[in-house]
Amino acid sequence: MKKITSYMFSARIGRFLMMLGVVIIGFSSLSAQSTSTRKDRRLINSGNSLYKEQKFADAKVKYREALQANSGSAVARFNLALCNAKLAALNKDNDSIASRLLAESAEGFTEVARLGRDKAELASKANYNLGNMRFESEDYQGAIQLYKQALRLNPGFDEARRNLRIAQLKLQQNQDNKDNKDDKQDQNKDQQDKQDKQDQNKEQQDQQQDQQQNQDQKNDQQNQQPKDNELSPQVAEQILNAVENNEQHARQANNKGEKAKGGNARLKKW
């Protein structure tokens, strides 16, 4: 998949510009149509020579003059769109100028693409270049439709077939990445829900433990306090000790009394 991605960017930049160069040279002879004039053919050929010298601004002037001479010249309109695309690439550091030139280029290609089967080969290449523009803007679905249209008009257009396959793979790659991202988000959500539930259970357990501790403390306090009809352990122990002391005193007193009686008896005996 990495090799495919790298190749896509190569096709998006290098192949697109190469296609522009090939098309503009090859179509100079197509200006010989029944609706063309000697003047617009001469201007188109002049523009093509300037284009080959990479004098795109000067070539653009010639193509515009050709359209003024023959507003129905599909070749002049197509080649003018190519010049605007080239100039947009040269002004890529200036967003406003580049955007305007690309818009003019897309408009020109769209007008040629509408010619359809009346100018099948030229319209096919116009759809192809529009597809390349969509690809550069990462509108892969739009690019796929335009590449397909290019192939309908020219089934032998290998460049369009290859770029179609590349765009389809790129679209699938993006969908897979999106699915993986969604799956990861779902997993994270499930984990978060699980963690929230665990936290909630732990909080409930803590509350129950606190309640049990409070209840145990309350029970301990109640057990330590004497009831209304019940003596506290301390008081009961004091009473028990007092009773035992009294009993001991009583026994001692009895013993003394018995000794005293015993002594008197012996005295009487004596």
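Residues numbered from 1 in each chain as written. Predicted model: local features only at pLDDT ≥ 70, side-chain atom pairs only at ≥ 80, totals over all residues. Heavy atoms only, no water.

## A look at the overall build of the protein chain
Formally: The way it works is that DSSP assigns letters per residue, a run of H or I at least four long becomes a helix, a run of E at least two long becomes a strand, and they are numbered from the N terminus. Using a 1.4 Å probe on the protein chains alone, a residue whose accessible area is under 20% of its type maximum counts as buried, one over 50% counts as exposed, and one in between counts as partly exposed. Throughout, a residue-residue contact means that at least one pair of heavy atoms, one from each residue, lies within 4.5 Å.
Of regular secondary structure, the protein chain possesses 9 helices and 0 strands. Along the chain direction, N to C, the helices and strands of the protein chain fall in the order α-α-α-α-α-α-α-α-α. Here the protein chain holds 270 residues, and the buried ones make up 31% of them. Contacts in the protein chain between residues far apart in sequence, at least 24 positions, make up 59% of those at least 6 positions apart.

## Topic: the nonpolar core
To keep things clear, this is the line we draw: Buried Ala, Val, Leu, Ile, Met, Phe, Trp, Tyr and Cys residues that are joined via side-chain atoms within 4.5 Å together make up what is termed a nonpolar core.
Among the nonpolar cores identified, the biggest contains 29 residues, and Tyr 51, Tyr 63, Phe 78 and Phe 109 are the most heavily contacted of them. Elements with a contribution of two residues or more to this core: α2 (38-52), α3 (56-69), α4 (74-90), α5 (95-113) and α6 (120-136). It is α4 that provides the largest number of residues to this core, a total of 11 residues. Formed by 13 residues, the second largest nonpolar core is a distinct cluster that contains Tyr 128, Phe 135, Tyr 140 and Ile 144.

## A look at the pattern of salt bridges
When their charged atoms lie close together, side chains carrying opposite charge are able to pair. Defined as follows: One side-chain nitrogen of Lys or Arg within 4 Å of one carboxyl oxygen of Asp or Glu is enough to make a salt bridge.
This structure, assessed with the given rule, holds 8 salt bridges. As a salt-bridge pair, Arg 161 and Asp 158 come within 3.5 Å of each other at their nearest N and O atoms. Taken together, the positions of Arg 161 and Asp 158, both in helix α8 (residues 158-224) and 3 residues apart, correspond to about one turn of that helix. Shared partners join several salt bridges into a network, and the residues in it are Lys 60, Arg 100 and Glu 104.

## Quick word on the confidence of the model for the protein chain
Any region with low pLDDT has predicted coordinates that should not be read closely. Convention followed: Per residue, pLDDT measures the predictor's confidence, with a range of 0 to 100.
Taken residue by residue, the protein chain gives an average pLDDT of 80. The fraction at 70 or more is 76%. Low pLDDT, under 50, characterises residues 1-34; the predicted model gives this stretch 60 contacts beyond four residues in sequence or across chains.

## Description of unusual backbone geometry
Non-glycine residue Gln 54 carries a positive phi angle of around 65°. Mapped onto the elements of the fold, Gln 54 is located in the loop between α2 and α3. Given a relative accessible area of 59%, Gln 54 falls into the exposed group.

## Some points on the packing of α2 against α4
Relative placement of two packed helices is described by the angle separating their axes and the distance separating the axes. Here is the rule: Geometry is summarised by axes, namely lines fitted to C-alpha atoms with helices restricted to the contacting stretch, and by angles between N-to-C directions that run from 0 to 180 degrees. By definition in this entry, angles of less than 35 degrees are roughly parallel, angles greater than 145 are roughly antiparallel, angles of 65 to 115 are roughly perpendicular, and the rest are oblique. Each crossing gets its handedness from the near helix: less than a right angle anticlockwise from the far helix is left-handed, clockwise is right-handed. When residues are grouped by polarity, Ala, Val, Leu, Ile, Met, Phe, Trp, Tyr, Cys and Pro land in nonpolar, Asp, Glu, Lys and Arg in charged, and all others, Gly among them, in polar.
At a minimum axis distance of 11 Å, the contact between α2 and α4 shows a crossing angle of 25°. As the angle between them shows, α2 and α4 are arranged roughly parallel. The interaxial crossing formed by α2 with α4 has left-handed handedness. Of α4, the residues touching α2 (which contributes Ile 44, Asn 48 and Tyr 51) are Val 75, Ala 76, Asn 79, Leu 82, Cys 83 and Lys 86. Within the contact of α2 with α4, the residues separate by chemical class into 6 nonpolar, 2 polar and 1 charged.

## Focus on the packing of α5 against α6
Relative orientation of the contacting elements α5 and α6 amounts to 145°, with a least axis distance of 8 Å. Crossing angle aside, the handedness with which α5 passes α6 is left-handed. For the pair formed by α5 and α6, the contact residues are Leu 102, Ser 105, Ala 106, Phe 109, Thr 110, Val 112 and Ala 113 on the first element and Leu 122, Ala 123, Ala 126, Asn 127, Asn 129, Leu 130 and Met 133 on the second. A class-by-class count of the residues in the contact of α5 with α6 yields 10 nonpolar, 4 polar and no charged.

## Some points on the packing of aromatic side chains
Which entries qualify depends on this criterion: In this scheme Phe, Tyr and Trp rings, the latter by its six-membered ring, pair at centre separations within 6.5 Å, and the angle between planes marks the pair as stacked below 30 degrees, edge-to-face above 60, and tilted otherwise. Charge over a ring is defined by NZ of Lys or CZ of Arg lying within 6 Å of the ring centre and within 35 degrees of the ring normal.
Within the structure shown, the criterion is met by 5 aromatic pairs. Ring centres of Tyr 128 and Tyr 147 lie 5.9 Å apart, and the angle between their planes is 45°; on these two criteria the pair is classed as tilted. In this pair, Tyr 128 sits in helix α6 while Tyr 147 sits in helix α7 (residues 140-153), placing the two residues 19 residues apart along the sequence. Like Tyr 128, the residue Tyr 147 is buried in the burial classification. Ring pairing ties together the aromatic residues Tyr 128, Tyr 147 and Phe 157, which thus form one cluster. Lying over the aromatic face of Phe 157, Lys 125 brings its terminal NZ or CZ to 4.5 Å of the ring centre.

## Some thoughts on α5
Since there are 3.6 residues in each turn of an α-helix, residues three or four apart along the chain are aligned in direction. The cut-off we apply is this: Helices are assigned an expected span. That span is 1.5 Å times one less than the residue count. The directions from the helix axis to the C-beta atoms are what the arc is built from.
Between its first and last C-alpha atoms α5 spans 26 Å; for 19 residues at 1.5 Å apiece the expected length is 27 Å, and the two agree. Residues of α5 that are buried include every one of Ala 98, Leu 101, Ser 105, Gly 108, Phe 109, Val 112 and Ala 113, and no others. For α5, the angular spread of the buried residues around the axis is 140°, confining them to a single face. Residues of α5 that are exposed and angled more than 90 degrees away from the buried face: Asp 95 and Ser 96.

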